[in-house]
Amino acid sequence: LGKNTIGLNGIQALSEALKTNFTLTTLKLHDDNIGDEGVQSLSDALKVNMTLTTLNLEFNSIKSIGAQALSEVLKVNTTLTTLDLSLNQIDNNGAQALSEALRTNRTLTTLNMRSNSIGHNGAQVLSEALKANSVITLDLYGNPIDEKN
């Protein structure tokens, strides 16, 4: 479904379907103009969906509010193994929210957060979370992390 600009109405309809889906394992929603509100709708579905293992939300204008919603998903979802949040607008606050979930989530193995707005503080809290969860591959390439720190 990537690059279809499904927007808020489309993601809300898809989210409702995901609540009763028992077969879909991969969902690619890159460049679909979902935004934070769409991610919140999708997150409600992912709290009950137990088949999806791969979710690509690349380039969807997701900010800290969306990252917070996904953090709540990661605290309860036990099937998602790969989450791509690259090319969004997630900042240190969003990184903080996701780091809290990474401390307890034991199923996510890959988190791609390339080219967001994560600075030194966000990278630091994420690295702290990895001390508690070493099974994660975390990609922060292209974020404005201060190299001196």
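Here the structure is shown first, and the text comes after it.
Given the structure is predicted, the values throughout are model-derived calculations rather than measurements. (Residues numbered from 1 in each chain as written. Predicted model: local features only at pLDDT ≥ 70, side-chain atom pairs only at ≥ 80, totals over all residues. Heavy atoms only, no water.)

(A) Region of the structure containing the overall build of the chain. Helix and strand content of the chain: 5 helices and 5 strands. The linear arrangement of helices and strands in the chain, starting from the amino end, is α-β-α-β-α-β-α-β-α-β. The C-alpha atoms of the chain give 14 Å as radius of gyration, which agrees with the globular expectation for 149 residues (15 Å, within 12%). Once the C-alpha set of the chain is aligned to its principal axes, its extents read approximately 45 × 30 × 20 Å. The long-range fraction of contacts in the chain, counting pairs at least 24 apart against all pairs at least 6 apart in sequence, stands at 87%. For the chain, the exposed surface amounts to about 7100 Å²; the carbon and sulfur share of it is 49%. Each charge class in the chain was averaged separately, 11 positive and 15 negative side chains, and the resulting centres sit 5 Å apart. (Helix = DSSP H or I, 4+ residues; strand = E, 2+ residues; numbered from the N terminus. Rg over C-alpha atoms; globule rule 2.2 N^0.38 Å. Contact = heavy atoms within 4.5 Å. Areas by Shrake-Rupley, 256 points an atom, 1.4 Å probe, with all protein chains shown as cover. Lys, Arg positive; Asp, Glu negative; His and termini not counted. Charge placed at Lys NZ, Arg CZ, Asp CG, Glu CD.)

(B) Fine view of helix H3 (residues 64–76). Taking 1.5 Å per residue as the helical rise, H3 with its 13 residues ought to reach 18 Å, and the 19 Å between its terminal C-alpha atoms agrees with that figure. Among all positions of H3, only Ser64, Gly66, Ala67, Ala69, Leu70, Ser71, Val73 and Leu74 are buried. Residues of H3 that are buried in the fold lie against helix H2 (35–46), strand E3 (82–84) and helix H4 (92–102). (Expected span 1.5 Å × (residues − 1). Buried < 20%, exposed > 50% of the residue type's maximum accessible area, 1.4 Å probe, protein only.)

(C) Spotlight on the packing of H3 against H4. Between H3 and H4, the least distance of the axes is 8 Å, while the angle of their chain directions is 0°. Looking at the two axes, H3 sits roughly parallel to H4. Listed contacts from H4 to Ser64, Ala67, Gln68, Leu70, Ser71, Leu74 and Lys75 of H3 are Asn93, Gly94, Ala97, Leu98, Glu100 and Ala101. Broken down by class, the residue content of the contact of H3 with H4 amounts to 6 nonpolar, 5 polar and 2 charged. (Axes fitted to C-alpha atoms, helices over the stretch in contact; angles between N-to-C directions. Parallel < 35°, antiparallel > 145°, perpendicular 65-115°, else oblique. Nonpolar A, V, L, I, M, F, W, Y, C, P; charged D, E, K, R; others polar.)

(D) Expanded view of the pattern of salt bridges. What the rule picks out here adds up to 4 salt bridges. For Glu16, the salt bridge is made with Lys19, and the minimal N-O distance between the two is 3.1 Å. A residue is classified by how much of its surface remains accessible, and Glu16, at 48% relative accessible area, is partly exposed. For Lys19, a relative accessible area of 33% gives the class partly exposed. (Salt bridge = Lys/Arg side-chain N within 4 Å of Asp/Glu carboxyl O.)

(E) Structural context of unusual backbone geometry. The phi angle at Asn33 is positive, at roughly 55°, despite the residue not being glycine. Position of Asn33 among the secondary structure elements: in the loop between strand E1 (26–28) and H2. With phi around 55°, Phe59 is a residue other than glycine that occupies positive phi space. On the secondary structure map, Phe59 appears in the loop between strand E2 (54–56) and H3. By relative accessible area, Phe59 is classed as partly exposed at 47%.

(F) Main features of the environment of Ile136. Among the structural elements, Ile136 can be located in the loop between helix H5 (120–132) and strand E5 (137–139). For Ile136, a relative accessible area of 10% translates into the label buried. Linking Ile136 and Thr81, residues 55 residues apart in sequence, is a C-alpha distance of 9.3 Å. Setting aside anything within four residues of it in sequence, one finds Ile136 in contact with Leu102, Leu108, Thr109, Leu111 and Leu130.

(G) Region of interest: the packing of H2 against H3. Close contact between H2 and H3 brings their axes to 8 Å; oriented N to C, the two are set at 5°. Taken as axis vectors, H2 and H3 run roughly parallel relative to one another. Only Ser64, Ile65, Gly66, Ala69, Leu70 and Val73 of H3 make contact with H2, whose side of the interface consists of Asp36, Val39, Gln40, Ser43 and Leu46. Here the residues of the contact of H2 with H3 sort into 6 nonpolar, 4 polar and 1 charged.

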